[in-house]
Amino acid sequence: MVFGRSLTETRLISSANYVRTELPTRLAHRIRDMQTLPYVVVTNPHISQVYELYYKAFESLRRVREINTLDDNERFCKKISETLQEHLTVIPKLAMGVIECRDLMKAEDMDKFMNTILRSRISRRVIAEQHLALTETFNSPWHFPDSPTTTGASHEFVGEVFLKCNAKEVVERCGEEVRALASVAYGPSTSLPSIKLSGHLDATFPYILSHLEYIIGELLRNSIQATVEKQKMGGTASALPPIEVTICEAPQHVIIRVSDQGGGIPREILPYLWAFSKGPRSNERLENLHHVPKMAATLQEVRVSQDLPESHPTSTGNSSATRHLHDTSLSSLSSRPPNLRLGMGLPLGRVYAEYWAGSLEVHSLEGYGVDAFLQISKLGNKNEQLTMRASMDAV
Amino acid sequence: MAGVKHIVVCKTKEDVEPAKKLAQDQGGEITNTYSIFPGFDVVMPKDSVTTFADSKHIESVEVDGERSLNIHKQNRLVSKRYLSFARHPSPSAHKWSHPPSSTTIADDDVANLANQPLHALSLADLVEHGRPPLSTDALFSSANFTLSLLPIRLAHRIQALRNLPFIVVSNPNISKIYNNYLHSLSTLLPYTSKTISNLEDEIRFTAVLTELVETHSQTIPTLARGFLECRKYISPDDVTRFLDEHLRARIGTRLIAEQHIALHVSSQPHQDPQTSQTAYDNPSYIGVIDTALQPASIVNSCGNFVSEICELKYGVRPTWIIDGEPSTTFAYVPVHLEYIITELLKNAFRATVESGRSHEPIVITIAAEPESPRGGPSSVDRRRAIEKDLGEGADENAIKPFEDSAPGVTIRIRDRGGGISPEVLPNIWSYSFTTFSDADELPGQTPGSGGTDALNVISGAGGGEGSSIAGLGYGLPLGRAYAEYFGGGIAVQSLFGWGSDVYLRLKGLGKLKD
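Report on the accompanying structure. (Residues numbered from 1 in each chain as written. Chains lettered and ligands numbered in written order. Predicted model: local features only at pLDDT ≥ 70, side-chain atom pairs only at ≥ 80, totals over all residues. Heavy atoms only, no water.)

1. Considering the overall build of chain B
Note the cut-off: Working definition: helices are DSSP H or I runs of at least four residues, strands are E runs of at least two. Numbering for both runs from the N terminus. For the exposure calls, accessible area comes from a 1.4 Å probe over protein chains only, and a residue counts as buried if that area is under 20% of its type's maximum, exposed if over 50%, partly exposed in between. Note on contacts: a residue pair is in contact if any heavy atoms of the two residues lie within 4.5 Å. A 1.4 Å probe and the Shrake-Rupley method give the accessible areas. Residues count as covered only by the protein chains that appear here.
Check the secondary structure of chain B and you find 14 helices and twelve strands. Classification of the 514 residues of chain B by burial places 51% in the buried group. In chain B, of all internal contacts separated by at least 6 residues, the share reaching a separation of at least 24 is 79%. Carbon and sulfur atoms form 52% of the exposed surface of chain B, whose accessible area is close to 23200 Å².

What follows is the structure in structure tokens.
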């Protein structure tokens, strides 16, 4: 018993030190990237705020001394979770900055910068959150029934881990959420298209739930919006065509296809579909980004109740409650009202999909509808493998 | 001993021995026998008179020049040609640097024509001579326009072929195609020095065009076979690059020729009052273009055709549903669409049947782009959007549609055939004989091999391209070439374990400004 405990403690400490050195290094690379952007871009208020946040995080984390005890780790975890919390607003801020600066830099360079910084962000947050989750597991009551329950700050921010996601459940849940938001926004009298599922409904795979929910949420959101708005423009009272979601499972991957009849993507938008720096609709997007709920606090008002996933590895009453309060950087985006169109769903979704060795592809039948294909790779889900992936990526 | 070295090229391998004997009988000494082509070197005594060039075994005889100088020059030229493959330098003046050919065209002619730029063809060009039935004058104008384009296009192709590696063009199949092009150009050259201004000339000219179309109808299978046989001597990338350019150019050349032929047949001077085939039967046609083509009817006719074959081979007849907007019509070239749809349906039907789900209908969705409203984005934006949309596929070879903003049609073919496996997926756009390994048998050479696959022996519409593609499988890259020619494209999405979605985007040819 004693032996088991100290072995895990050693692992925890070594994980902490790994995180302690990785985070500042990666932050430094991104800070350097930003420093080499044109001056006029970094002086933009939004980009400059992001720069300040990164710098502050870097300064704070690099001063952390070597971690040798559990108390050291507690302090460290507190610091990390504060930083994670502060950085929740980075994505909308970056997006706003990019749109405002769209004439100041070449579009390809801008997109490249955004892709790099967002991918790096995923890797840093995953590393940090894995460690927080490890700490929380170590500290949780069932693990060591005799130890006093620690109420460290790590409880306020539970890390995200890979969960076994069942495609059907995730799609249904996201579908419910998006429809609920849509009916609030469009009014209860507007009919919404139904979501029909077919295919290999039992498919499960390990994934970070909030990432998956974000991507699928965005795809469903696009489909529902397009279908409703096409109906409005067409003026017919005929039944709304359903959105057809097909799940296909193969040994190496799972593909989720979302097919709608929303009229397709207008040709003038098509070249800017995957770009962060937008085309004809930039000004609207910018306006909307200002309205994204930035702080975690305001989230409670907007968000509709969230169901809990059924399979959670440490499912005790305690952690399910903490899960409910847990905010991820994507959750503020996932729960925004549908008329808040940011123009980021597809490019950001693709960053997440590709980070986990998957892909996101869209085919438009102009005048009819759109097919979106999310491909998910079924790789291992062990923590070690995760850290290796993140370090292999070394962004 | 002092003698004159001759390089003798024989017709076939079997002719080498008799030809050698003939040369020896006339006093020659065989110094070398070639293995890469049927031929040999023979040294004839100086001042001897040789007659073996007339022998039926012998293709051609060339006198070798100064020995030392030639070898170096020959080597340099061959390597230079290989390296500058993409640039098509002008052919040298030396006879021996050309692959053996049975037609002689003055090198100057080819060089002059090949140096002229390719005209950027627009569909408006093809229809500017008027709606059928054309008057005599309009017919002449169409003939002369065709005459101004075709020789240059043929010369460019000859140039490209001459720049392939020597060993490749020595292959009998490739060489045959090369000779076809030379022959066609030689039949057109007499007309280039004058304008067509009387009916006799025009009729003869049209007959020449008809022969041209006929001669080249088997180009693709023959080239395919040739490149397959030469796969050890040229890289798949080079083959793909050559074929992409060549086939796209071929589409344009045939279109120009066939357009004139169709306009000729339906023109006023040539209408046969006894046959019912007048232009008024098909008022929507302008030559080979149908301005009111309904994709759904093409889908149905191709579907019937392909499912017949399926029934013959598999005993099952797959079914299909057309949804979306089946009544859509747009302006397009029917034979092109027939070819593409036939190929795509072949893939879909075969996959469906072989995966055991032949009871599930294939769903074909036809989507028509809405007409863009006035006051939409400026034409500059739109053009930029379209160019980005076309990406790298757009090139000088593509014909510009009537209007850039012409509404198009997208056709989605969705099957439940199990999808394309990840190992095969990267190769679906190659001319598949580039993915043969050395150990593979050539299809059709061993009895019972894949070449006897019934679905591959379908003669596709569009000039008999499909007739003997025995197992060579390039319906997809060729279909894409057709689609992209007018600014469209094909995209394939595989859901391995479930089925496939194929998106065929077609750029409409728009409304003809009368």
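2. A look at the overall build of chain A
Regarding its fold elements, chain A presents 14 helices and seven strands. Residue burial in chain A is summarised as follows: out of 395 residues, 53% are buried. Put simply, chain A shows about 17500 Å² of open surface, and 54% of that area lies on carbon and sulfur atoms.

3. What about the packing of aromatic side chains?
Residues and elements named next belong to chain A. In plain terms, the rule: In this scheme Phe, Tyr and Trp rings, the latter by its six-membered ring, pair at centre separations within 6.5 Å, and the angle between planes marks the pair as stacked below 30 degrees, edge-to-face above 60, and tilted otherwise.
Inspection of every chain in the model, using the stated rule, returns twelve aromatic pairs over all chains. Relative to Tyr55, the ring of Tyr51 lies with its centre 5.8 Å away and its plane at 55°, an arrangement referred to as tilted. Here Tyr55 and Tyr51 lie together in helix H3 (residues 45-62), a separation of four residues that amounts to about one turn. A ring pair is formed by Tyr55 and Phe58, whose centres lie 6.4 Å apart and whose planes are at 75°; its orientation type is edge-to-face. Placement of the pair is Tyr55 and Phe58 together in helix H3, with a separation of three residues, close to one helical turn.

4. Digging into the nonpolar core
The condition is simple: Think of a nonpolar core as a cluster: buried Ala, Val, Leu, Ile, Met, Phe, Trp, Tyr and Cys residues, connected wherever their side-chain atoms sit within 4.5 Å.
Phe227, Ile341, Ile413 and Leu504 of chain B are the most contacted members of the largest nonpolar core, which has 98 residues in total. Take this core: its biggest share by element is twelve residues, from helix H5 (residues 136-162) of chain B. When sequence neighbours within four positions are dropped, the list of residues in contact with Leu504 of chain B reads Leu337, Ile340, Ile341, Leu344, Val409, Thr410, Ile411, Ala483, Gly489 and Ile490 of chain B. In this structure, Val19, Met96, Met114 and Leu163 of chain A belong to the second largest nonpolar core, which totals 96 residues.

5. Looking at the sheet that holds strand S8 (residues 330-332) of chain B
Residues and elements named next belong to chain B. Rules: A strand pair is defined by DSSP finding two or more bridges across the two strands.
The sheet built from three strands is open, its strands ordered S5-S6-S8 with antiparallel pairing. The open sheet has two edge strands, strand S5 (285-286) and S8, and neither has a second partner. Bridge count between strand S6 (residues 289-293) and S8: two bridges; the pairing is antiparallel. The partner of Asp290 across the bridge, within S8, is Tyr332.

6. Focus on the interface of chain A and chain B
Spelled out, the test is: Note on definitions: buried area is the accessible-area loss of two parts on being combined, 1.4 Å probe, summed for both. Any Lys or Arg side-chain nitrogen located within 4 Å of an Asp or Glu carboxyl oxygen qualifies as a salt bridge. Counting of polar contacts relies on pairs of N or O atoms within 3.5 Å, with two restrictions inside protein: one atom must be capable of donating a hydrogen and the other of accepting it, and residues adjacent in sequence are counted only when both atoms are side-chain atoms. Side-chain classes are defined by residue name, with Ala, Val, Leu, Ile, Met, Phe, Trp, Tyr, Cys and Pro counting as nonpolar, Asp, Glu, Lys and Arg as charged, and the others, Gly among them, as polar.
Between chain A and chain B, the residue contacts involve 26 residues of the former and 33 residues of the latter. Summing the contributions of chain A and of chain B, the shared interface buries around 2400 Å²; its carbon and sulfur component is 58%. Here chain A is connected to chain B by four salt bridges. Two residues, Arg267 of chain A and Glu369 of chain B, come together in a salt bridge whose shortest N-O distance is 2.5 Å. If you look at where chain A meets chain B, you find seven residue pairs in polar contact (both at pLDDT 80 or more). If you list the elements that add at least two residues to the side of chain A that touches chain B, you get strand S4 (243-249), strand S5 (253-260), strand S6 (359-365) and strand S7 (369-377) of chain A. Looking at the side of chain A that touches chain B residue by residue, the class counts come to nine nonpolar, nine polar and eight charged.

7. Examining the pairing of strand S10 (residues 409-415) of chain B
Residue and element names in this part refer to chain B. The element S10 is largely enclosed, with a buried count of seven among its seven residues. Of the two faces of S10, the one holding Val409, Ile411, Ile413 and Asp415 and the one holding Thr410, Arg412 and Arg414 are both buried throughout. Sheet analysis places strand S9 (residues 362-368) next to S10, joined by six bridges and oriented antiparallel. When the sheet's bridge partners are listed, Ile364 is paired in S10 with Ile413. In the sheet, S10 pairs with strand S12 (residues 499-506) via seven bridges, with the strands oriented antiparallel. In the sheet register, Arg412 faces S12, and the bridge partner there is Tyr503.

8. Quick word on the sheet that holds S4 of chain A
Residues and elements named next belong to chain A. We count it as follows: All axes here are fitted lines through C-alpha atoms, helices being fitted over the stretch that makes contact, and every angle between N-to-C directions spans 0 to 180 degrees.
Read from one edge to the other, the open sheet built from five strands follows the order S2-S4-S5-S7-S6, with strand pairing classed as mixed. Pairing within the sheet leaves two strands with one partner each, and these edge strands are strand S2 (195-199) and S6. Within the sheet, the average angular offset between the axes of one strand and its neighbour, ignoring direction, is 15°. Across eight bridges, the pairing between S5 and S7 is antiparallel. Counterpart to Asp260 in the pairing with S7 is Val370. Along the sheet face, helix H7 (residues 167-186) touches S2, S4 and S5 and points at about 170° away from the line of S2. Most of the contacts of helix H8 (residues 209-234) go to S5, to which it runs at about 20°, and overall it touches S2, S4, S5, S6 and S7.

9. Re H3 of chain A
Residue and element names in this part refer to chain A. What counts here: The length a helix should cover is 1.5 Å for every residue beyond the first. When we speak of the arc, we mean the arc of directions from the helix axis to the C-beta atoms.
Taking 1.5 Å per residue, 18 residues should reach 26 Å; H3 reaches 26 Å between its end C-alpha atoms and fits that length. Every buried residue belonging to H3 is among His46, Ile47, Val50, Tyr51, Leu53, Tyr54, Ala57, Phe58 and Leu61, and all of these are buried. Projected down its long axis, H3 shows its buried positions confined to an angular sector of 160°, all on one face. Its side-chain oxygen at 2.9 Å from the backbone nitrogen of His46, Asn44 defines the N-terminal cap of H3.

10. With respect to the pairing of S5 of chain A
All names here are of chain A. Taken across its eight residues, S5 has eight buried, putting it largely inside the fold. Of the two faces of S5, the one carrying His253, Ile255, Arg257 and Ser259 and the one carrying Val254, Ile256, Val258 and Asp260 are both buried. The pairing of S4 with S5 spans six bridges and is classified as antiparallel. Opposite Glu249, over in S5, you have Val254 as the bridge partner. Connecting the antiparallel pair S4 and S5 is a turn made up of three residues.

11. Focus on the environment of Val43 of chain B
Locating Val43 of chain B in the fold gives a position in strand S3 (residues 39-45). Overall, Val43 of chain B belongs to the buried group, its relative accessible area being 15%.

12. Digging into helix H4 (residues 70-86) of chain A
Residues and elements named next belong to chain A. Helix length check: H4 (17 residues) gives 24 Å between terminal C-alpha atoms against 24 Å at 1.5 Å per residue, within 8%. When H4 is considered as a whole, its buried residues turn out to be Asn73, Phe76, Cys77, Ile80, Ser81, Thr83 and Leu84. The arc enclosing the buried residues of H4, seen along the axis, measures out at 155°, which places them on a common side. Those residues of H4 that are exposed and aimed more than 90 degrees away from the buried face are Asp71 and Arg75.

From the geometry alone we can't say anything about function, so treat these as descriptive.
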